[in-house]
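The chain contents come next:
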Amino acid sequence: MSTIFSKIIAGDIPADIVYQDELVTAFRDINPQAPTHILIVPNKEIATVNELSEEDERVAGRLLLVAKKLAAQEGIAEDGYRLMINCNAHGGQEVFHVHMHLLGGRPLGPMLMRR
Ligand code: 5GP
């Protein structure tokens, strides 16, 4: 069964894709939490960071480099931004296909919700 993100990557369901190469695809989050909210996703289905293996080193690095490139493209590099990857229940992961959130365009506040 393929994930909702695999369907977006394959072009089977629509999304605002802002970047795509042979390893990763980036598209705008459907429910943005900040003026810029982009998801950067491996084209290969990897459920969580726990399933990353040595052979995924290139794709893992590419997520970060594409985030940097898109931050510049969005005009938020100088003011700053946040990169986030949620894992499993305590991380609040909802879609089980690894993705990096690129958030910015306003001050984002403390890193974690206060308890
Ligand atoms: P997670 O909580 O797993 O780290 O984040 C999942 C993110 O995917 C959420 O921010 C959610 O808004 C986004 N999302 C879920 N379904 C879709 C979709 O069909 N299209 C897009 N563009 N984003 C989605």
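Going by the structure above, here's the rest.
Here the structure is a predicted model, which is why all the values come from computation and not from measurement.

A. Looking closely at the pairing of strand β2 (residues 24-28). Within β2, four of the five residues are buried, leaving the element largely enclosed by the surrounding structure. Of the strand pairs in this sheet, strand β1 (residues 17-20) and β2 are connected by three bridges, and their pairing is antiparallel. Looking at β2, one finds that Q20 is bridged to T25. Taken together, β1 and the strand that follows it, β2, pair antiparallel across an intervening segment of three residues. In terms of strand pairing, β2 meets strand β3 (residues 36-42) through five bridges, oriented antiparallel. What sits directly across from V24, in β3, is P42.

B. Here's a closer look at the site of the ligand. Around the ligand sit 16 residues in total, of which D29, N86, E94, H99 and H101 are the nearest. Within the backbone of R28, one N or O atom sits 2.9 Å away from a nitrogen atom of the ligand. Note that an oxygen atom of the ligand is positioned 2.6 Å from one of the backbone N or O atoms of E94. About the coverage of the ligand: the protein hides 85% of its 520 Å² of free accessible area. Counting residues per element, the ones that place at least two in the shell around the ligand are α1 (4-10) and β2. In terms of residue count, the dominant contributor to the shell around the ligand is α1 (three residues). Among the residues forming the shell around the ligand, the class breakdown is seven nonpolar, six polar and three charged.

The rules behind each value
- Residues numbered from 1 in each chain as written.
- Predicted model: local features only at pLDDT ≥ 70, side-chain atom pairs only at ≥ 80, totals over all residues.
- Heavy atoms only, no water.
- Buried < 20%, exposed > 50% of the residue type's maximum accessible area, 1.4 Å probe, protein only.
- Helix = DSSP H or I, 4+ residues; strand = E, 2+ residues; numbered from the N terminus.
- Pairing = 2+ DSSP bridges.
- Near = heavy atom within 4 Å.
- Polar contact = N/O pair within 3.5 Å; in protein donor to acceptor, adjacent residues only side chain to side chain.
- Areas by Shrake-Rupley, 256 points an atom, 1.4 Å probe, with all protein chains shown as cover.
- Nonpolar A, V, L, I, M, F, W, Y, C, P; charged D, E, K, R; others polar.

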